[in-house]
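Here's the letter readout for the chains.
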Amino acid sequence: MIKPKIAIACQGGGSQTAFTAGALKALFESDVRERFDIVGLSGTSGGAICAFMIWYAMRKGDDPVWKRLIDLWTDNTAQTFQERLFNDSVIKTMELISKGHAPQYNISPASPLVKTWFASTTAGLRNRFTDFQALLEAHIDFREIASWGPQPAAPVVLLGACNILSGKLCKFSSAIDTLKVEHILASAAVPNIFPAVQIGEDAYWDGLFSDNPPIEALIKSRFVGPANIPDEIWVIKINPTSSGKIPVEADDVADRRNELEGNVSLFQSLNQIETLNNLFLRGAFKAEFLEQYDIQEPIRVPKSFPEDPDQPYHIPWIEMSAELARSLNYESKIDRSPANIARLIEDGEKQGKHFLEARLRQTF
C-alpha cells in the first residue's frame, strides 16, 4: 500500500506551543508512520522548535521520536523554587501592565540596562532556564548537524523567519541549508523579548511577521524537493480562530489582537492553496505548466473533515480544546510554570489522538 505523503505545519505561540509538543507526541505514539509518510515539517517560533526537534529525532532514528521534544519542554519549565518565583513574578507583572495597573517601559532587549537587569534577577538560576541558546544546545548536537550538511531526503524541515533588513519572508530549509542554532533563534526572536538574530549580513525577527507557520513553501519543490511534495498538509494550530466575547478590557483587547495577528498569514496561505486546488480541479491549468512546478494533483484532504462542510478540499488542523483556549491569555505564552506546560501538553496529546483517529476513519 502506498502511504499518503504528509507535511505537518506547526504554528508559533511561545509557551503555548507545548500543546504542539503534546500533539506531535500523540501522533507518533499512535504510530502515524505506519499509515503515512512524513515528508515535511514546518514551524515558526515555538512551532519551529517543535518541528525541528521531531526532524532531528527522525534523522537520528530516535525511538520514541517524541522523547527528545518532551525532554526539551520539561527542561524548559521553571523547576526550582527560585525559577518558579522568577517566572511567576514576570507573569504577574505582565498581567498588571496588560490591565493598565502598572506602567509599561519600552526598552530594547538589546539595551545594556535590560541585560544588566536580567543578569541580576536571574543570578543563580539554571543556565538552560535563562539562556535559550544554551537550552537548545543541551538537546541538539549542532556540530553533528553541521557534519551532515543539507539533507534533501524526507523529511524536510522549514523554519519561518522575517528578514528585517530586506523586509522579505524567509524560510530556512534543511534541504538547502545546513541548519544552525541561529536559524531556530531567528525564527523565535520575538522583538520585545529578544534582540534581532544576525546570520551573515542579514538580521531576523520572529517568523510571526512572515509565515506562521510556513504552508505554501511545503508544496514548492525549490524548498522541499520534488520527491517531498505532500499529498496532505496537517496544521497544529495555536491561536484560536473565533472568540466568544467582544474584548473590552485592555488586556482582553491585547490578547485578541495577538491571536488575530498570529492567524493572518496562516489563513492567507490556506485560502491561496484552496483557490489553487479549486482551479486545478476545474481544469484551469495546462499540464505543461504544472510540470514546471512538479504539481501533479491538488493537496488531498479527506472530504468529510468537519471544519468547512461546504469546502470539499481544505487543510485540517489540530486545535486546542475550547475549554483550554478560553483559559489562556497573552501572558500564558511566556508562562513556563510546570502546571501551565503540563496542561498544554496533556491537551495536545488528547487532541492529537482524536485527530488521527478521525483521519483514519476518513476516505477520499
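Higher on the page you've got the structure.
Analysis parameters
Residues numbered from 1 in each chain as written. Predicted model: local features only at pLDDT ≥ 70, side-chain atom pairs only at ≥ 80, totals over all residues. Heavy atoms only, no water. Axes fitted to C-alpha atoms, helices over the stretch in contact; angles between N-to-C directions. Helix = DSSP H or I, 4+ residues; strand = E, 2+ residues; numbered from the N terminus. Parallel < 35°, antiparallel > 145°, perpendicular 65-115°, else oblique. Left-handed = near helix turned anticlockwise from the far one by under 90°. Contact = heavy atoms within 4.5 Å. Phe/Tyr/Trp six-rings, centres within 6.5 Å; stacked < 30°, edge-to-face > 60°. Buried < 20%, exposed > 50% of the residue type's maximum accessible area, 1.4 Å probe, protein only. Lys NZ or Arg CZ within 6 Å of the ring centre and 35° of its normal. Salt bridge = Lys/Arg side-chain N within 4 Å of Asp/Glu carboxyl O. Pairing = 2+ DSSP bridges.

Student: Got a minute to help me understand the packing of helix H3 (residues 46-60) against helix H4 (residues 67-76) in this structure?
Tutor: For any two helices packed against each other, one specifies the inter-axial angle together with the distance between the axes. One can describe the packing of H3 onto H4 by two numbers: an axis separation of 8 Å at closest approach and a directional angle of 140 degrees. Comparing the axis directions of H3 and H4 gives the class oblique. Handedness of the crossing formed by H3 with H4: right-handed. Residues Ile49, Cys50, Met53, Ile54, Tyr56 and Lys60 of H3 form the contact with H4, whose participating residues are Arg68, Leu69, Leu72 and Trp73.

Student: Before we go on, may I ask you to explain the packing of aromatic side chains in this structure?
Tutor: Any two aromatic rings considered together are summarised by their centre-to-centre distance and by the angle between their planes. Counted under the stated rule, the structure contains ten aromatic pairs. Ring plane angle 75 degrees and centroid distance 5.1 Å describe the contact between Phe36 and Trp234, whose orientation is recorded as edge-to-face. With Phe36 in the loop between helix H2 (32-35) and strand S2 (37-44) and Trp234 in strand S7 (residues 232-237), this residue pair connects regions lying 198 residues apart in the sequence. A residue is classified by how much of its surface remains accessible, and Phe36, at 3% relative accessible area, is buried. Among the aromatic residues, those joined into a ring-pair cluster are Phe52, Trp55, Tyr56, Phe142 and Trp148. Lys237 extends its terminal NZ or CZ atom over the ring of Trp317, reaching a point 5.1 Å from the ring centre.

Student: Please explain H4 as it appears in this structure.
Tutor: The periodicity of an α-helix, 3.6 residues per turn, causes residues three or four positions apart to be oriented the same way. Looking only at H4, the buried set comprises Leu69, Ile70, Leu72, Trp73, Asp75 and Asn76. Here the buried face of H4 lies against helix H1 (18-29), H3, helix H7 (127-130), helix H8 (132-139) and helix H15 (338-361).

Student: What should I look at first to understand the pattern of salt bridges in this one?
Tutor: When the charged atoms of two side chains with opposite charge come close together, those side chains can pair. Per the counting criterion, the structure on display carries ten salt bridges. By sharing partners, the salt bridges in this structure join Asp75, Glu83, Arg126 and Arg128 into a single network.

Student: Just checking my understanding: could you explain the pairing of S7 for this structure?
Tutor: On a regular strand, one side chain projects to one face of the sheet and the next to the other, so that they alternate. Of all six residues making up S7, six are buried, and the element is well covered by its neighbours. Covered by surrounding structure in S7 are Glu232, Trp234 and Ile236 together with Ile233, Val235 and Lys237, the residues of both alternating faces. In the sheet, strand S1 (residues 5-10) pairs with S7 via five bridges, with the strands oriented parallel. If you follow Ala9 over to S7, its bridge partner there is Val235.

Student: Even after reading the chapter, I still don't get the environment of Ile184, so can you show me in this structure?
Tutor: With respect to the helices and strands, Ile184 occurs in helix H10 (residues 181-187). Linking Ile184 and Gln133, residues 51 residues apart in sequence, is a C-alpha distance of 9.0 Å. In this view, Ile184 contacts Ile49, Phe52, Leu136, Ile140, Phe142 and Leu159; residues no more than four positions away in its chain are not counted.

Student: Just checking my understanding: could you explain the environment of Gly40 for this structure?
Tutor: Structurally, Gly40 can be placed in strand S2. Residues Gly40 and Pro230, 190 residues apart in the sequence, show an inter-C-alpha distance of 7.3 Å. Once residues within four sequence positions are removed from consideration, Gly40 is found in contact with Ile6, Ala7, Ile8, Pro155 and Val156.

Student: Would you mind going over the side chain of Thr17 with me for this structure?
Tutor: Relative to the helices and strands, Thr17 resides in the loop between S1 and H1. Exposure remark for Thr17: the relative accessible area of 0% places this residue in the buried category. Setting aside residues no more than four positions away along its own chain, Thr17 makes contact with Gln11, Gly12, Gly46, Gly47, Cys50, Trp73 and Ile238.

Student: Looking at this structure, how should I read the pairing of strand S4 (residues 169-173)?
Tutor: As paired elements, strand S3 (residues 156-163) and S4 share five bridges and run antiparallel to each other. Bridge pairing links Leu159 to Phe172 in S4. Linking S3 to S4, which pair antiparallel, is a turn of five residues; within it Gly167 sits at a positive phi near 80 degrees.

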